Amino acid sequence: MKALLANTAKAMATLTIRNLRDDLKKQIQVRAARNGRSMEEEIRLILAGAGDLPAAPIPPDRATPRQNMPVAAPETPKPSPHNAAQHRILLIIGGGIAAYKSLDLIRRLKERGASVRVVMTDAAQEFVTPLAAGALSGGHVYTDLFDTVAEFDIGHIRLARETDLIVVAPATADLMAKMANGHGDDLASTILLATTAPVLIAPAMNPQMWSHPATQRNLARLRGDGIQTIGPNDGEMAESGEAGTGRMAEPLEIAQAALALLSPATPQLLKGKTLLITAGPTHEPIDPVRYIANRSSGKQGYAIARAAAAAGANVTLVSGPVDLSDPAGVNVVRVESAREMLAAVEQALPADVAIFAAAVADWRVASTGGQKIKKGASGTPELSLVENPDILSTVAHRTKARPSLVIGFAAETEKVIEHAKAKLAKKKCDWILANDVSEESGVMGGDRNTIHLVTKAGVEDWPEQSKNDVAHTLIARIAKEIT
Ligand code: CTP
């Protein structure tokens, strides 16, 4: 009976709007905007106040004024949990075991000041309940395209439009396939078709499903459509005994990527420019199970790739083995050895700027057998090493398709500037970012860095900064140089 009355109130509200004079319609529009309600809700409350009908319940996320509505100045300011700069995120939870992490994602997004509205697919509800998602988001959870009450109240088109960003987490192989092919047979896929907001997906699936050509084809198509991706990461899967690439990115990583997409647009200093960046260590095989490596975390190169993409550049990141997620909007090519890295770099040319942040192994084992080296009668094996190609130097010496700015790093443990100057001359690059990587500096694997920019014109000393800030300083300096 209650539901019937509520529906009748909604229907009355719509009929009433249609019949109103234009000036009254305008007044109600202003009043509704001021109160952060839809016109239907406002009329419903007016009717209820007049004693005609009971007010239909307003879903909790509608009960407070929403931001970004055209609000006329209120006579008396009302306290509001929202702030004007609050980002509206629509989180679509797909049906995968990683759905449980999406509950934490709601919390992470809200901690960062976003308002979160949640849509769940049927399959998602097999893993987590709308009740749990609603308790965390503080609002109604939308599940059904054909739910007349929800559809009447807000509707899939408004869900698609009244948002600054859509995050799909977990994005299952099926949801990605639907998105890539333009299906619209449930609430989630219909919203994704109807939206004009940016979309960030966090794929999560079994490694076999992830590497399947059909999924990779769908991924390429989605990227071509401008969909941003975060992850998947490498590691153990929730299903026991499974490991590989397919784990959903961690909630914190997804929240950071979402907020980065929403934060006030970074000046597009490198719009239209192509950047090639190397990052991370290389692994040089000794035998099929052992390798030579170094302590590089890849953080500095990844931060540069992120900053360059945020500045509008078209970025290819050639990365050695690291434990970091692909930065959103960056074309990442993963390699293992120095020779693979060189091949990937040459493949990615031409570029306007090339930045070599990788800690490439200087040597590799001369001959690696096909079998694991066994302990035995022949005693301790002797490894014979040969020098790896110098990727920075190879690119800087090119006569054809040489990037107009070739930038290297110099990782030094002593005489930092002196060695950096020598490298600049020997490798024929344009700039060297010299840093102290001695154990005391904490640079290797840490989050901070002190850079001395060595160019043919002299040395610029940058203050100690986070690796992120180094990345932004470098991007701004590059933009000054080439634009
Ligand atoms: N580099 C490269 N290929 C290599 C070695 C280094 O592209 N085989 C690049 C690095 O990415 C970095 C720069 O060269 O931009 C300097 O690297 P660094 O390790 O400081 O110097 P090396 O040339 O390896 O010399 P050394 O180890 O003797 O200091």
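Every value quoted in this text rests on a predicted model; they were computed, and no experiment measured them. (Residues numbered from 1 in each chain as written. Predicted model: local features only at pLDDT ≥ 70, side-chain atom pairs only at ≥ 80, totals over all residues.)

### What about the sheet that holds strand β6 (residues 228–229)?
Moving on, step 1. Spatial ordering of the open sheet is given by β3-β2-β1-β4-β5-β6, a layout of six strands whose pairing is parallel. Of all the strands in the sheet, the pair left with one neighbour each is β3 (141–142) and β6.
Moving on, step 2. Relative to strand β5 (residues 199–203), strand β4 (residues 165–171) runs parallel, the two sharing four bridges. Across the sheet, residue Ile166 finds its bridge partner in β5, namely Val199. (Pairing = 2+ DSSP bridges. Helix = DSSP H or I, 4+ residues; strand = E, 2+ residues; numbered from the N terminus.)

### What to know about the site of the ligand
Moving on, step 1. Residues in close proximity to the ligand total 16 residues, the closest being Phe356, Val360, Ile391, Leu392 and Gly408.
Moving on, step 2. Those elements that place two or more of their residues in the shell around the ligand are α15 (391–396) and β17 (405–412).
Moving on, step 3. By residue number, the principal contributor to the shell around the ligand is β17, which donates four residues.
Moving on, step 4. For the shell around the ligand, the class distribution of residues is 10 nonpolar, three polar and three charged. (Near = placed C-beta within 6 Å. Nonpolar A, V, L, I, M, F, W, Y, C, P; charged D, E, K, R; others polar.)

### Thoughts on the pairing of β5
Consecutive residues of a regular strand have side chains that alternate between opposite faces of the sheet.
Moving on, step 1. Counting buried positions along β5 yields five of five residues, so the element is predominantly enclosed.
Moving on, step 2. Burial along β5 is two-sided: the face carrying Val199, Ile201 and Pro203 and the face carrying Leu200 and Ala202 are both buried.
Moving on, step 3. Taken together, the two bridges between β5 and β6 define a ladder with parallel strand orientation. Paired with Leu200 across the bridge in β6 is Gln228. (Buried ≥ 20, exposed ≤ 12 C-beta atoms within 10 Å, placed from the backbone.)

### Here we look at the sheet that holds strand β13 (residues 331–334)
Moving on, step 1. Overall, mixed pairing links the eight strands, which are arranged β13-β12-β9-β14-β17-β18-β20-β21 in an open sheet. Each edge of the open sheet is held by one strand with a lone partner, namely β13 and β21 (458–461). Between one strand and the next, the sheet's axes are offset by a mean angle of 15°, whatever the strand orientation.
Moving on, step 2. Strand direction decides the pairing type here: strand β18 (residues 431–436) and strand β20 (residues 451–455), joined by five bridges, are antiparallel. (Axes fitted to C-alpha atoms, helices over the stretch in contact; angles between N-to-C directions.)

### Quick word on the nonpolar core
Moving on, step 1. Judged by nonpolar contacts, the single largest core of 63 residues is most densely connected at Leu275, Ile277, Ile304, Ala305, Ala308, Ile432 and Ile475.
Moving on, step 2. With eight residues, helix α13 (residues 299–310) is the single largest residue contributor to this core.
Moving on, step 3. Residue contacts for Ala308: discarding those within four places in its chain leaves Leu270, Leu275, Ala313, Val315 and Ile475.
Moving on, step 4. Grouped together as the second largest cluster of nonpolar side chains are 55 residues, Ala98, Ala124, Leu192 and Met248 included. (Core = buried A, V, L, I, M, F, W, Y, C linked by C-beta atoms within 7 Å. Contact = placed C-beta atoms within 7 Å.)

### Examining the confidence of the model for the chain
Moving on, step 1. For the chain, per-residue confidence averages 84 on the pLDDT scale, and residues scoring 70 or more make up 80% of the total.
Moving on, step 2. Counted against residues more than four places away or in other chains, residues 1–9, with its pLDDT under 50, gives 12 contacts.
Moving on, step 3. The model gives residues 50–84 a pLDDT under 50, and that stretch makes 58 contacts with residues more than four places away or in other chains. (pLDDT = per-residue confidence, 0-100.)

### Observations concerning the environment of Ser189
Moving on, step 1. In this fold, Ser189 is placed in helix α9 (residues 187–194).
Moving on, step 2. Taking the C-alpha atoms as reference points, Ser189 and Met179, separated by 10 residues in sequence, lie 6.6 Å from one another.
Moving on, step 3. Apart from the residues within four sequence positions on either side, Ser189 is in contact with Lys178, Met179, His183 and Gly184.

### Focus on the packing of α13 against helix α17 (residues 467–482)
Moving on, step 1. Close contact between α13 and α17 brings their axes to 8 Å; oriented N to C, the two are set at 50°. On the basis of their axis angle, the class for α13 and α17 is oblique. Where α13 crosses over α17, the two elements pack in a sense that is right-handed. Contacts between α13 and α17 involve Lys299, Gln300, Ala303, Ile304, Arg306, Ala307 and Ala308 on the former and, on the latter, Lys467, Asn468, Val470, Ala471, His472, Leu474 and Ile475. (Parallel < 35°, antiparallel > 145°, perpendicular 65-115°, else oblique. Left-handed = near helix turned anticlockwise from the far one by under 90°.)

### Quick notes on the packing of helix α4 (residues 99–111) against helix α5 (residues 130–137)
Moving on, step 1. Interaxial distance between α4 and α5 falls to 9 Å at its minimum, and their mutual angle equals 15°. In terms of orientation, α4 lies roughly parallel with respect to α5. In this structure, the crossing between α4 and α5 has a hand that is right-handed. Where α4 abuts α5, its residues Leu103, Ile106 and Arg107 lie against Ala132, Ala133, Leu136 and Ser137.

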